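Examination of the molecular architecture
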Amino acid sequence: MVNRADAPRYRNTTDRPVHHLTVANSRGEAMGYLWANDEEDAAGWCLRPAGDAASFAEGLEWSAKLNAAKARGLVPTAALAELARGTDPRRVSHVVPGSLSAAPSLAALRKLARVVTEADDRRLLAQLDRENADAWRELREALAALTDEDRAVRWSEGGQQPDGTWRMSHPLHSERLQRLVRALPAVGAVTPAYLWQDNPPPAVPADGRLGPADAVRAATAVVRGERFSDGTIAQAARSGLLDAVAESLCAWYEAVADGSQDDP
C-alpha cells in the first residue's frame, strides 16, 4: 500500500478523549492500538513499546488503512468500525473482536500501551538459548572474572593530534569486560524481540536485582546502544547494571536447568 505525501490524513494528535481498538498478533498478544476522535478529525496508531518488532511494520500497514479511509471521506470512528469489521485473525495482526473502548486522552492510551504483560516477559525469555550449556558457562565465568578495574572503564585521549587531525575519544574496554559483553548475545540475551529504542534506558533497581525478562531488556539496550552511543557499556559497567544483568540471567538458567523453574 503506497502513501502519497499529499494524500489527505487524519490529524495525528488530540487532547480530547479517544475511542480505541486493540490490535493483536496471531498469538493473541496486543501489538498496539488504533485510536480516533471525531471532534478533531484525528486518528492514528499507538505502538506498544513492550511488543515485538513486527509491531513496527504492522503499525505502518494499519496507518495506511486509516489514510485510505480518510481519502474516502470517513470520519475517524467510522474508519475504526470499518477496520474492525474487515479484520482477519489469520493475518499477522488483527483487530481483537469486542475490544472497542475509550480513554480520557491520547496520553492515557499511550500510558496503557506502556504496560508490560506476562506475555511480553515470556516472549523475551523464549529468546534465551537454554540448550547452549557452554555459552551459559562462559557467561558465568566471565562475570566471576570481572574486576573493579574492568568496571572503571578508561577512555582514549581525543582532540587534535600532532598531524592536525581530530580524533574522537572512545571507551577502552578491557578484555574481561569484552568477554562478558560477548557472552550476552551468545546466550540469546540480545534480541530484536525487544524494542529498546522505544523504551526508557535501563537502570539498576534500588535493590540491585533484575528479573530475567528485564535482564534481557537491559542486555539488549546496552549492547545495541553502544553502536549508537559510545560509553553505554561503560556506564552499565560502572553503575552495576551489567553485573545485575549477568547475575539475573545466570540465576534464571540455573533454575531452569535443575527444573525448579518452568520453561517460558
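The sections below set out a description of the structure shown in this document.

1. Concerning the overall build of the chain
Broken down by element type, the chain carries 10 helices and 9 strands. Taking the principal axes of its C-alpha atoms as reference, the chain extends roughly 65 × 60 × 35 Å. Counting over 264 residues, the chain shows a buried share of 43%. Sequence-distant contacts in the chain: of pairs separated by 6 or more residues, those separated by 24 or more amount to 69%. Summed over all atoms, the accessible surface of the chain reaches about 14,200 Å², with 51% contributed by carbon and sulfur.

2. Points about the packing of helix H8 (residues 212-225) against helix H9 (residues 232-239)
Where H8 contacts H9, the axes come no closer than 7 Å and their chain directions differ by 135 degrees. As far as their axial angle goes, H9 and H8 are oblique. Where H8 approaches H9, its residues Ala221, Val222 and Gly225 are matched on the opposing element by Thr232, Ile233 and Ala236. Grouping the amino acids of the contact of H8 with H9 by side-chain chemistry returns 4 nonpolar, 2 polar and no charged.

3. A word on the side chain of Arg48
Among the structural elements, Arg48 can be located in the loop between strand S3 (42-47) and helix H1 (54-71). Arg48 gets classed as buried once you look at its relative accessible area, which sits at 3%. At 2.9 Å, the side chain of Arg48 forms a polar contact with the backbone oxygen of Ala30. With residues near it in sequence (within four places) discarded, Arg48 still touches Ala30, Met31, Gly32, Tyr33, Ala113, Val115, Val116, Thr117, Asp120 and Leu195.

4. Quick word on the environment of Gly158
Structurally, the position occupied by Gly158 is in the loop between strand S6 (154-155) and strand S7 (159-160). For the pair Gly158 and Arg224, spaced 66 residues apart in sequence, the C-alpha to C-alpha distance is 24 Å. Ignoring any residue separated from it by four or fewer positions in sequence, one finds Gly158 in contact with Arg167, Met168 and Ser169.

5. A closer look at the nonpolar core
Leu139, Leu184, Leu242, Val245 and Leu249 are the most contacted members of the largest nonpolar core, which has 44 residues in total. Elements represented by at least two residues in this core include exactly helix H4 (118-125), helix H5 (133-145), helix H7 (175-186), H8, H9 and helix H10 (241-257). Leu184 has contacts with Leu139, Ala189, Val190, Ala219, Val223, Leu242, Val245 and Leu249, leaving out every residue within four places of it along the chain.

6. Looking at unusual backbone geometry
Despite not being glycine, Asp41 shows a phi value in the positive range, around 50 degrees. Mapped onto the elements of the fold, Asp41 is located in the loop between strand S2 (30-37) and S3.

7. Focus on the pairing of S2
Looking along a regular strand, one sees side chains alternate from face to face of the sheet. Counted residue by residue, S2 has 7 buried out of 8 residues, so it is predominantly covered. The sheet contact formed by strand S1 (residues 18-25) and S2 spans 6 bridges and is antiparallel. Counterpart to His20 in the pairing with S2 is Trp35. Between S1 and S2, which pair antiparallel in sequence order, lie 4 residues; one of them, Gly28, sits at a positive phi of approximately 85 degrees.

8. Re H8
Compared with the 20 Å implied by 1.5 Å per residue over 14 residues, the 19 Å span of H8 between its first and last C-alpha is a close match. Extensive coverage of H8 is indicated by the burial of 11 of its 14 residues. Of all the residues in H8, the buried ones are Ala213, Ala215, Val216, Arg217, Ala218, Ala219, Thr220, Ala221, Val222, Val223 and Gly225. Here the buried face of H8 lies against H4, H7, H9 and H10.

9. Points about the pairing of S3
Counting buried residues along S3, 6 of its 6 residues qualify, which places the element largely inside the surrounding structure. As paired elements, S2 and S3 share 6 bridges and run antiparallel to each other. Residue Leu34 lies in a different strand from S3, and its bridge partner there is Trp45. If you look at the hairpin formed by S2 and S3, you'll find 4 residues sitting between the two strands, and Asp41 has a positive phi there, around 50 degrees.

10. Side note on the pattern of salt bridges
Per the counting criterion, the structure on display carries 21 salt bridges. In this structure, the salt-bridge partner of Arg123 is Glu29, at a minimum N-O distance of 3.8 Å. Here Arg123, found in helix H4, pairs with Glu29, found in the loop between S1 and S2; they are 94 residues apart in sequence, far enough to count as distant. Comparing Arg123 with Glu29, the two get one shared label, buried. A salt bridge links Asp120 to Arg48, with the nearest nitrogen and oxygen atoms 2.7 Å apart. Taken together, the residues Asp120 in helix H4 and Arg48 in the loop between S3 and H1 connect sequence positions 72 residues apart. Judged on exposure class, the residue Asp120 and its partner Arg48 are both buried. The network of salt bridges with common partners includes Arg27, Glu29, Arg48, Asp52, Asp120 and Arg123.

Reading the values: rules and limits
Sequence order as written defines the numbering, with residues in each chain counted from 1. For this predicted model, a pLDDT threshold of at least 70 governs which residues receive local features, and a threshold of 80 or more governs which side-chain atom pairs are given and counted, while totals over whole chains, interfaces and linings are taken from all residues. The basis for the side-chain values is all heavy atoms of the structure; hydrogens and waters are excluded. Only DSSP runs of H or I with at least four residues qualify as helices, and only runs of E with at least two residues qualify as strands; both kinds are numbered from the N terminus onward. Classification of residues uses two cut-offs on accessible area relative to the type maximum, computed with a 1.4 Å probe and protein chains only: under 20% is buried, over 50% is exposed, and between them is partly exposed. By definition in these notes, contact holds between two residues if any of their heavy atoms fall within 4.5 Å. Note on areas: Shrake-Rupley, 1.4 Å probe, and residue coverage restricted to the protein chains presented here. Helix axes use the C-alpha atoms of the stretch in contact, all axes being lines fitted to C-alpha atoms, and the angles between their N-to-C directions lie in the range 0 to 180 degrees. In these notes the angle categories are as follows: under 35 degrees is roughly parallel, over 145 is roughly antiparallel, 65 to 115 is roughly perpendicular, and the rest is oblique. Think of it as three bins: nonpolar holds Ala, Val, Leu, Ile, Met, Phe, Trp, Tyr, Cys and Pro, charged holds Asp, Glu, Lys and Arg, and polar takes everything else, Gly as well. Whenever two N or O atoms come within 3.5 Å, that pair is a polar contact, provided that in protein one can donate a hydrogen and the other can accept it, and provided that, for residues adjacent in sequence, both atoms are side-chain atoms. Here the nonpolar core consists of buried residues drawn from Ala, Val, Leu, Ile, Met, Phe, Trp, Tyr and Cys, with membership extended through side-chain atoms lying within 4.5 Å. Paired strands, as defined in this entry, are two strands with at least two bridges between them according to DSSP. For a helix, the expected span equals 1.5 Å multiplied by the residue count minus one. Salt bridge criterion: a side-chain nitrogen from Lys or Arg within 4 Å of a carboxyl oxygen from Asp or Glu.

Everything listed here is a matter of geometry and, on its own, says nothing about what the molecule does.
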